[in-house]
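Residue strings, one per chain:
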Amino acid sequence: MPKKKMLEAVELYLKSEFQTTPAEATPDQLHTAVSRSLMAGIADRWHASAEKHQNTRHAYYFSAEFLMGRMIYNNLLCLGMTEEIGQLLEKNGASLDAFEEVEDCALGNGGLGRLAACFLDSAATLNLPLDGYGIRYKYGLFKQKIEGGFQKEEADDWTRYGDPWSLRREDEAVRVEFADQTIVAVPYDMPIIGYNTSNIGTLRLWQAEPVQAFDFNLFNAQQYDAAVAERNRAEDISRVLYPNDSTDDGKILRLKQQYFFCSASLQDIIRKYKKTYGNDFSHFAEMNAIQLNDTHPVISIPELIRLLTDGEGLSFDYALDICKQVFSYTNHTILAEALEKWSQHLMERTIPRVFHIIVMLDQYLGGELHQKGITGDKEYSMHILQHGTVHMAYMAIYCSRYINGVAQLHTEILKNDVLRDWYQIYPEKFQNKTNGITQRRWLALCNPELSDLLTRLLGNESWKTDLSQLKQLEKYVEDEKVMQELCEIKLHSHQKLAEFVQKKDGITIDPNTCFDVQIKRLHEYKRQFLNILAILELYYEIAEGSLTDFTPTTFIFGAKSAPGYARAKGIIKLINEVAALIDRDDRVRGKIKVAFLSNYNVSYAEKIIAAADVSEQISTAGKEASGTGNMKLMANGAVTLGTLDGANIEIVEEAGSINEYIFGATVDEIRSVQEHYNPNGMYHNDYKIKRVLDALVNGTLNDGGSGIFRELHDSIVYGASWHRPDQYFLLLDFERYLEAKKQVARDYKDQLVFAKKRWMNICNSGKFSSDRTIREYAKDIWHIEEV
Ligand SMILES: *Cc1c(COP(=O)(O)O)cnc(C)c1O
């Protein structure tokens, strides 16, 4: 559809649906009208792309999370319609800014879900036949409010004003059966619009509904109540992202969610396959590749076997053989608590036939291990079923064609440590695929001024589909005028962020300070706690006058804590208490400031990242599998202040160590000190460490009577029943981190020197485009080609 037609369609839509005009319409009506009109405009292209994907070897990305963010701006960008729609709105006294009110689509927690979204974007842009499958949660990740310094959660009713970027496809609904209920999975399709290309991918999200259409006219009161209960029980399955799993009922619900979307997706894939090949499954593995994003969709493996054997009459061996060719598995973490395990008992109760198939898989695995000469304790430790639990990662490795880690270091740790035994028997299965981010959203969209500079210097927009083009711009590092311009762009982005933060969070931040940001989920291993302790020490030194030349800095935090994670919530409170302590002290006014920004999500990230000067990536070495926030920040000209962990290592390799601030213990150092690590001794012998930790318990900082600051203090100094003191080695890195922070502040004073570091980061961010990552998956894992 030509652009002019699309504009007319918007006006027509407003008139016919809402009896209004662009000038009179609410932001919400405008959003619906623009989105729906563009959806109509791309319908033919979308349909044609779906056919093309189907008719060639294609891949599916199975993920329990897709953190899509706000769709309207990105879709306008990819369609090249931003200006036209902006002008249409402005002609009528409205503006694109109206869409700032539109809710994010936050069907994910953090990095893993955002990665899935970036991958779909890249595949669509590269004309690769990749489509996504997931869950259409009614409530996405909670909304975070800060009250009295504490996190409060509110439900995220993201479709409250509709969901104009989805199409309900009731005609393709399927049934999913559990031991105690049968439900219907109804697909909702979202277009994944490639940048400046005709290819459009599909994200198909399943919604759980009752089998029986709900017609209350038919019921008497008793039947009505029973029907309501049944409907609720069905809808529960796609109601919330990560239901609380501290009880058995909660655990069963999660298992049901996983099985629900995997079964529905596989039934869908088989149905489409059969349209061409009928009952001949000999081409199934040749046509389909399925990527399992972490262990959440690994239940797909026994489910595909079930569908192919019970459903299609294939032999078990044949079905297993198909699985071993079709599935690949991405590991995202080496934290032991995240390697998913299910109680055999719960699984058997909920999906008995699938469990039976897992038992058979485990027997086959045992046979293979024996053949390879593995017996005894080692054999037992590799079984899928051990001591009444089902090890999902082991099932994934056994039945997958490939398994990959998400950064070089992470993959090495998997091969040599966490999954060592598996690597020894299946070395050919292991690969690395360093994560990436889409530069469409994370540079072109979120930082238009920097984008314009890059395009102007390059003479074209090629970097938007090939980020490595920016390497050519390195030479401008010696061009003071360009460096000057870079500084002005950053300053302007500071001003825009400051305005937004004032409006949204009521916090005043000074755009003329250095913006040091740590934005990511709150977790002990990510060490926001270390950051705030170091800030507290800087504050003391500035206040007492021992640190005199500190560059005025605003320390910006954005982080949600899991609702049941008491320590993480305590760290949020701590950050806010330190912020208040600093705000009260005239001695440090204008020199140091802490701002905790509430409800960190994709849309907030876009604004913070454009304005960041320093990117805090300070996880304990060996704990952060990759990180992707680090990549977004790098591409926007923030320097990394980080440990040698995850993709930080590759960032330093690309941009050069003189352009980053690397500090702290390496994986090897941590391994060697582990045995005799004595944080209690450090606490008593180091007055800086002592005074910042004491502030938690001597009345300096107030945790509102919750006792959580004492708990945080003790977790470092004494440990707890389930862990040694300071298990994430904050004190080991404290002094070196503090020094690195001071070095940043010194260097920041010379804006030209700092601009050069920024520039080297931007120009060398090419490797971290998810286009590069997706090309590698396409070539080395999925074996798919452009359509
Ligand atoms: C990129 C992103 C993340 C991941 O950040 P890390 O620093 O890699 O943990 C989390 N949340 C949102 C909203 C993001 O955009």
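Residues numbered from 1 in each chain as written. Predicted model: local features only at pLDDT ≥ 70, side-chain atom pairs only at ≥ 80, totals over all residues. Heavy atoms only, no water.

Novice: I'd like to hear about the side chain of Thr513, residue by residue, with values.
Specialist: Following the sequence through the fold, Thr513 ends up in the loop between helix H19 (480-505) and strand E18 (514-519). Among the polar contacts made by the side chain of Thr513, one reaches the main-chain carbonyl oxygen of Asp510 at a distance of 2.7 Å. Residues in contact with Thr513, not counting those within four places in the same chain, are His494, Pro552, Thr553, Thr554, Asp613 and Tyr748. (Helix = DSSP H or I, 4+ residues; strand = E, 2+ residues; numbered from the N terminus. Polar contact = N/O pair within 3.5 Å; in protein donor to acceptor, adjacent residues only side chain to side chain. Contact = heavy atoms within 4.5 Å.)

Novice: Help me get a handle on the domain arrangement of the protein, residues and values and all.
Specialist: Assigned domains of the protein: these are domain 1 (42-65 + 108-137 + 169-435 + 775-782) and domain 2 (439-768). Placing a centre on the C-alpha atoms of domain 1 and another on those of domain 2 gives a separation of 35 Å. At the junction of the two partners, domain 1 supplies 25 residues and domain 2 supplies 27 residues. Taking both partners together, domain 1 and domain 2 bury about 1900 Å²; carbon and sulfur atoms supply 56% of that area. Viewed at the interface, domain 2 and domain 1 are joined by 1 salt bridge. We note a salt bridge from Asp121 to Arg440, for which the minimum N-O separation is 2.8 Å. Scanning the region where domain 1 abuts domain 2 turns up 6 residue pairs in polar contact (both at pLDDT 80 or more). Broken down by secondary-structure element, the contributors of at least two residues to the side of domain 1 that touches domain 2 are helix H5 (111-125) and helix H15 (408-418). Split by residue class, the side of domain 1 that touches domain 2 holds 9 nonpolar, 11 polar and 5 charged. (Domains from an automatic or database assignment. Buried area = accessible area lost by both parts, 1.4 Å probe. Salt bridge = Lys/Arg side-chain N within 4 Å of Asp/Glu carboxyl O. Nonpolar A, V, L, I, M, F, W, Y, C, P; charged D, E, K, R; others polar.)

Novice: Describe the packing of aromatic side chains, with residues and values.
Specialist: This structure, assessed with the given rule, holds 23 aromatic pairs. On the basis of an interplanar angle of 75° and a centroid distance of 5.1 Å, the ring pair of Tyr273 and Phe284 is categorised as edge-to-face. Taken together, the positions of Tyr273 in helix H7 (residues 248-277) and Phe284 in helix H8 (residues 284-287) put the pair 11 residues apart, joining distant regions of the chain. Between the aromatic rings of Tyr394 and Trp422, the centroid separation amounts to 5.4 Å while the plane-to-plane angle is 35°, which identifies the pairing as tilted. Remark: Trp422 occurs in helix H16 (residues 420-425) and Tyr394 occurs in helix H14 (residues 392-399); sequence separation between them is 28 residues. Residue classification places Tyr394 among the buried positions, given a relative accessible area of 17%. On the basis of relative accessibility, which here comes to 2%, the residue Trp422 falls in the buried class. (Phe/Tyr/Trp six-rings, centres within 6.5 Å; stacked < 30°, edge-to-face > 60°. Buried < 20%, exposed > 50% of the residue type's maximum accessible area, 1.4 Å probe, protein only.)

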